[in-house]
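Residues per chain, in single letters:
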Amino acid sequence: VLNKEFSKAVTGDLSHPYRNLRNSWQTYTRWDLGVPPWCSEILMGHNSGGVTEKYYDRPDEERLAKVISNAWDAWLANGNVDPIPAEWDDLGQGT
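To start, this report covers the structure provided alongside it. (Residues numbered from 1 in each chain as written. Predicted model: local features only at pLDDT ≥ 70, side-chain atom pairs only at ≥ 80, totals over all residues. Heavy atoms only, no water.)

### Overview of the layout of surface pockets
- Reported here for the second largest pocket is a volume of approximately 230 Å³.
- Around the second largest pocket, the lining is made up of twelve residues, and of these Trp 38, Ile 42, His 46, Glu 53 and Asp 57 lie nearest the centre.
- Of the residues assigned to the lining of the second largest pocket, the class counts are three nonpolar, four polar and five charged. (1 Å grid on protein atoms, 1.4 Å probe; cavity = no way out; pocket = protein on both sides within 12 Å on 5 of 7 lines; lining within 4 Å. Points joined across faces, edges and corners; volume = space filled by probe spheres on them. Nonpolar A, V, L, I, M, F, W, Y, C, P; charged D, E, K, R; others polar.)

Structure, rendered in structure tokens:
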């Protein structure tokens, strides 16, 4: 049901198989936005298992959001086009 509803909601140039969203997001975030792997790993819910990551390095949501926000700003400042249609609301649904 989720895949069917997703396919109806996201069409045209933005269409993408639901099952590939995590892969695509990870690739886009790292390679296009230049977000450091340690940050994208945390946002994906992964833990590298190292001592620092496991016990000491625990950034809060605000710090992680700042890294993504800075990467997005740099992406746009380099002349890249915003791939999200302006008419979308915060949930990615048409207004």
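So that's the structure; there's more coming.
### So, the nonpolar core
- Within the largest apolar cluster, six residues are counted, these being Leu 33, Val 35, Cys 39, Leu 64, Ala 71 and Trp 75.
- A per-element tally of this core places helix H5 (residues 61-77) first, with three residues.
- In contact with Val 35, other than residues within four places in its own chain, are Thr 29, Arg 30, Ser 40, Val 67, Ile 68 and Ala 71. (Core = buried A, V, L, I, M, F, W, Y, C linked by side-chain atoms within 4.5 Å. Buried < 20%, exposed > 50% of the residue type's maximum accessible area, 1.4 Å probe, protein only. Helix = DSSP H or I, 4+ residues; strand = E, 2+ residues; numbered from the N terminus. Contact = heavy atoms within 4.5 Å.)

### Some points on the pattern of salt bridges
- Evaluation of the coordinates by the stated rule reveals one salt bridge.
- Where Arg 30 meets Glu 41, a salt bridge forms, and the shortest distance between an N and an O atom there is 2.5 Å. Taken together, the positions of Arg 30 in helix H2 (residues 21-32) and Glu 41 in helix H3 (residues 37-43) put the pair eleven residues apart, joining distant regions of the chain. (Salt bridge = Lys/Arg side-chain N within 4 Å of Asp/Glu carboxyl O.)

### Focus: the packing of aromatic side chains
- The final tally for this structure, using the stated rule, is two aromatic pairs.
- A ring pair is formed by Tyr 28 and Trp 75, whose centres lie 5.8 Å apart and whose planes are at 70 degrees; its orientation type is edge-to-face. On the criterion of sequence distance, the pair formed by Tyr 28 in helix H2 and Trp 75 in helix H5 is long-range, its members being 47 residues apart.
- Look at Trp 75 and you get buried, because its relative accessible area is 16%. (Phe/Tyr/Trp six-rings, centres within 6.5 Å; stacked < 30°, edge-to-face > 60°.)

### Structural notes on H2
- Look at H2: 15 Å from first C-alpha to last across twelve residues, which is about the 16 Å you get at 1.5 Å a residue.
- Positive backbone phi, approximately 75 degrees, marks Gly 34, located one or two places after H2. (Expected span 1.5 Å × (residues − 1).)

### Considering the side chain of Ser 40
- If you trace the backbone, Ser 40 turns up in helix H3.
- The exposure class of Ser 40 is buried, given its relative accessible area of 0%.
- Within the local environment of Ser 40, its side chain forms a polar contact with the side chain of Gln 26, the two groups lying 2.8 Å apart. (Polar contact = N/O pair within 3.5 Å; in protein donor to acceptor, adjacent residues only side chain to side chain.)

### Some points on H5
- End to end, H5 covers 24 Å across 17 residues, agreeing with the expected 24 Å (1.5 Å per residue, within 8%).
- On its buried side, H5 packs onto H2 and H3.
- Looking one or two places after H5, you find Gly 79, whose phi comes out positive at around 90 degrees.

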